[in-house]
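Survey of secondary and tertiary structure
Listed below are the residues making up each chain.
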Amino acid sequence: MEDCLFCKIANGEISCDFVYEDEDIVAFKDIHPRAPVHLLLLPKKHIASLAETTEADIALLGKINFVAQKLAEQFNIDQSGYRLLTNCRGDSGQEVPHIHYHLIGGHFLGAFTEE
Ligand code: 5GP
Ligand code: ZN
């Protein structure tokens, strides 16, 4: 999709160091980390948010969860614990309208609402 920041990052138009890439998914460090580990995982395919996913995306969404588990191991937060979350539309504060999952950890995260 034209003028989508995360499409441009995913397709290499905007350079970015990926911590993970396969044919469907990329992951990279958040530019404004809110914890010692703060990664963003997203599909290369443009989907605006979780609200726009369909049954055809079930495998992709499952794969993102699985990649998150592997990245948690790679970044040594698998034992201490972590959070995987996606913001969806206005009330969530979603800033970038291309579905992405935040993988956050590396210190105690506290109650969900305090993040
Ligand atoms: P949202 O609020 O949409 O769930 O999260 C968007 C996230 O993308 C924010 O945490 C923000 O810091 C991050 N972000 C925005 N622009 C860039 C960028 O150009 N590069 C990287 N690495 N992260 C970005
Ligand atoms: Zn996009």
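Residues numbered from 1 in each chain as written. Chains lettered and ligands numbered in written order. Predicted model: local features only at pLDDT ≥ 70, side-chain atom pairs only at ≥ 80, totals over all residues. Heavy atoms only, no water.

Overview of the environment of G90
Secondary-structure assignment places G90 in the loop between β4 (82-85) and β5 (101-105). Residues G90 and L42, spaced 48 residues apart in sequence, show a C-alpha to C-alpha distance of 19 Å. (Helix = DSSP H or I, 4+ residues; strand = E, 2+ residues; numbered from the N terminus.)

Considerations on the coordination of the zinc ion (ligand 2)
Note on metal sites: the ideal angle is 109.5 degrees for four tetrahedral donors, and 90 or 180 degrees for six octahedral donors. The protein atoms that coordinate the zinc ion (ligand 2) are C4 (SG), C7 (SG), H46 (ND1) and H98 (ND1), at distances of 2.0 to 2.3 Å. Metal-centred angles of 105 to 116° between the four donor atoms at the zinc ion (ligand 2) mark the site as tetrahedral. On the basis of relative accessible area, C4 is assigned to the buried category, the value being 5%. (Donors = N, O, S within 2.8 Å, 3.2 Å for Na, K, Ca; no water. Tetrahedral: all angles 85-135°; square planar, octahedral: opposite > 155°, others 65-115°. Buried < 20%, exposed > 50% of the residue type's maximum accessible area, 1.4 Å probe, protein only.)

As for the site of ligand 1
For ligand 1, the set of nearby residues contains 17 residues, the closest of which are D30, R34, N87, E95 and H102. Here an oxygen atom of ligand 1 and a side-chain polar atom of D30 are 2.5 Å apart. Between ligand 1 and H100, the relevant distance is 2.9 Å, taken from an oxygen atom to a side-chain nitrogen or oxygen of the residue. Among the secondary structure elements, those contributing two or more residues to the shell around ligand 1 are α1 (5-10) and β2 (25-29). If you tally residues by element for the shell around ligand 1, the top one is α1, at three residues. For the shell around ligand 1, the residue count by class is seven nonpolar, six polar and four charged. (Near = heavy atom within 4 Å. Polar contact = N/O pair within 3.5 Å; in protein donor to acceptor, adjacent residues only side chain to side chain. Nonpolar A, V, L, I, M, F, W, Y, C, P; charged D, E, K, R; others polar.)

Some thoughts on unusual backbone geometry
For D3, which is not glycine, the phi torsion reads 60° and is therefore positive. In this structure, R89 takes a positive phi of about 65° despite not being glycine. Relative to the helices and strands, R89 resides in the loop between β4 and β5. Classification of R89 by relative accessible area gives partly exposed; the value is 47%.

Here's the deal with the pairing of β4
Each regular strand displays side chains that alternate between the two surfaces of the sheet. Only one face of β4 is buried: it carries R83 and L85, and the other face, with Y82 and L84, is open. Sheet analysis places β4 next to β5, joined by four bridges and oriented antiparallel. Bridge pairing links L84 to L103 in β5. (Pairing = 2+ DSSP bridges.)

Considerations on the packing of aromatic side chains
Evaluated as defined, the whole model comprises two aromatic pairs. Taking 5.7 Å as the distance between ring centres and 80° as the angle between the ring planes, the aromatic pair formed by F6 and F28 counts as edge-to-face. One end of the pair, F6, is in helix α1; the other, F28, is in strand β2, and 22 residues separate them in sequence. For the pair F6 and F28, one class covers both residues: buried. (Phe/Tyr/Trp six-rings, centres within 6.5 Å; stacked < 30°, edge-to-face > 60°.)

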